[in-house]
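The primary structure of each chain is shown beneath.
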Amino acid sequence: MAEEYILEMRKITKRFGNVTALEDMDIRVKKGELHAICGENGAGKSTLMKILHGYHPYGSYEGEIYLDGKPLRSADTADSQRAGIAMVYQEINCLGTLTVSENIYSSKMLYNRFGLVDYRAMHRACSRIFESVGLDINPRERMGRLGASQQQLVLFAKAVKENAKIIILDEPTSSITKAEANNMMRVIQKLKGEGITFLYISHKLDEIMELADSCTIIRDGRSIGCLRRENLRSAGLFP
Ligand SMILES: Nc1ncnc2c1ncn2[C@@H]1O[C@H](COP(=O)(O)OP(=O)(O)O)[C@@H](O)[C@H]1O
Ligand SMILES: [Mg+2]
């Protein structure tokens, strides 16, 4: 594999019973780019990214994933997380009765020297993360009391906090306001400047035209092409 690709997914086939969600799907992504994944509802976009994130474990699909040229065979999301992959799901998955900071630290709480959960340290760290992504949310608030848009943004902040090298966003702007989306875009541009790679599922063509360095188009579980930014318009798929 050419080293310029941070990620390559080769010949991915995924079936749910007799539904074939993905068939011989290939995708290649260069480091530090924002790679858009577009296609109609039911095309297989979320399934492909859930495979990368380990939600659908190795063995439940065919094909291979290469991260930095090495095979990635995650048994679960913790494996993918350790490999440097974070994902914000389309369906909001948070723990409503817990606080915002407990959600941010759900996989790895902070402890004090007595071995107790250090809530103050978590709240403080959360406030710093929120500040860095321009979010004004109280870390002590119960997650369930926030609106859908704020929950989505907290989960985005959580992905940023994981220091991942690849961040997957699944239709992130479908539930947030235009102002919040603009703010998210600013954070994405900043992180891209630091070499972080984004996989960005969207069916909003204006977003793709504005943000994407490259784009894979999926139809009925198959890739119908990978385009560079400069070719998006001339491909006739975009206005
Ligand atoms: N957990 C699942 N069980 C059964 N079928 C699924 C499951 N997840 C996705 N599918 C099916 O796989 C296909 C692709 O779905 P999905 O990846 O969610 O598409 P997209 O994100 O592009 O809208 C659809 O036909 C969908 O119904
Ligand atoms: Mg989807």
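As shown above, the structure is provided for reference.
Residues numbered from 1 in each chain as written. Chains lettered and ligands numbered in written order. Predicted model: local features only at pLDDT ≥ 70, side-chain atom pairs only at ≥ 80, totals over all residues.

S.K.: Outline the site of ligand 1, listing residues and values.
M.R.: Near ligand 1 the following residues occur: Phe16, Val19, Ala21, Gly39, Asn41, Gly42, Ala43, Gly44, Lys45, Ser46 and Thr47. If you list the elements that add at least two residues to the shell around ligand 1, you get β2 (19–30) and α1 (45–52). Broken down by element, the residue count for the shell around ligand 1 peaks at three residues, all from α1. (Near = placed C-beta within 6 Å. Helix = DSSP H or I, 4+ residues; strand = E, 2+ residues; numbered from the N terminus.)

S.K.: For the sheet that holds strand β5 (residues 70–71), give the residues involved together with the corresponding values.
M.R.: Overall, antiparallel pairing links the four strands, which are arranged β2-β1-β4-β5 in an open sheet. The two strands at the open ends of the sheet, each matched to only one other strand, are β2 and β5. The pairing of strand β1 (residues 5–16) with β2 spans eight bridges and is antiparallel. Its bridge partner lying in β2, Phe16 is registered against Val19. (Pairing = 2+ DSSP bridges.)

S.K.: Break down the sheet that holds strand β7 (residues 166–170) for me, citing the residues and quoting the values.
M.R.: Strands sit in the order β6-β7-β8-β3-β9-β10 across an open sheet of six strands; the sheet is mixed. A strand with exactly one partner marks an edge of an open sheet, and here the two such strands are β6 (85–88) and β10 (222–228). Going across the sheet, the axis of each strand differs from the next one's by a mean of 15 degrees, ignoring polarity. (Axes fitted to C-alpha atoms, helices over the stretch in contact; angles between N-to-C directions.)

S.K.: Which residues make up the pairing of β7, and what values do they have?
M.R.: Along β7, five of the five residues are buried, which leaves the element largely enclosed by surrounding structure. Every second residue of β7 is oriented toward a common face, with Ile166, Ile168 and Asp170 on one face and Ile167 and Leu169 on the other, all of them buried. In terms of strand pairing, β6 meets β7 through four bridges, oriented parallel. Residue Ile85 lies in a different strand from β7, and its bridge partner there is Ile166. (Buried ≥ 20, exposed ≤ 12 C-beta atoms within 10 Å, placed from the backbone.)

S.K.: Outline the environment of Leu227, supporting the account with residue identities and numerical values.
M.R.: Turning to its location among the elements, Leu227 is positioned in strand β10. Residue Leu227 is classed as buried on the basis of its C-beta count, with 20 C-beta atoms lying within 10 Å. C-alpha separation for the pair Leu227 and Thr216, spaced eleven residues apart in sequence, amounts to 6.5 Å.

S.K.: Residues and numbers for helix α5 (residues 148–161), please.
M.R.: The end-to-end C-alpha separation of α5 is 20 Å, in line with the 20 Å expected for 14 residues at 1.5 Å each. Burial within α5 is extensive, with ten of its 14 residues counted as buried. The complete set of buried residues in α5 reads Gln151, Gln152, Leu153, Val154, Leu155, Phe156, Ala157, Lys158, Ala159 and Val160. Those residues of α5 that are buried are in contact with β6, α3 (100–104), α4 (119–132), β7 and α6 (178–193). Note on α5: the residue one or two positions beyond its end, Asn163, has a positive phi of about 55 degrees. (Expected span 1.5 Å × (residues − 1). Contact = placed C-beta atoms within 7 Å.)

S.K.: With reference to specific residues and values, describe the packing of α5 against α6.
M.R.: Following both chains from N to C, one finds α5 and α6 inclined at 5 degrees, their axes separated by 12 Å at the closest point. By the angle between their directions, the pair α5 and α6 is classed as roughly parallel. The segment α5 lies against α6, with Ser149, Leu153, Phe156 and Val160 engaging Glu180, Met184, Val187 and Leu191. Within the contact of α5 with α6, the residues separate by chemical class into six nonpolar, one polar and one charged. (Parallel < 35°, antiparallel > 145°, perpendicular 65-115°, else oblique. Nonpolar A, V, L, I, M, F, W, Y, C, P; charged D, E, K, R; others polar.)

Everything listed here is a matter of coordinates, which is why it stays silent on function.
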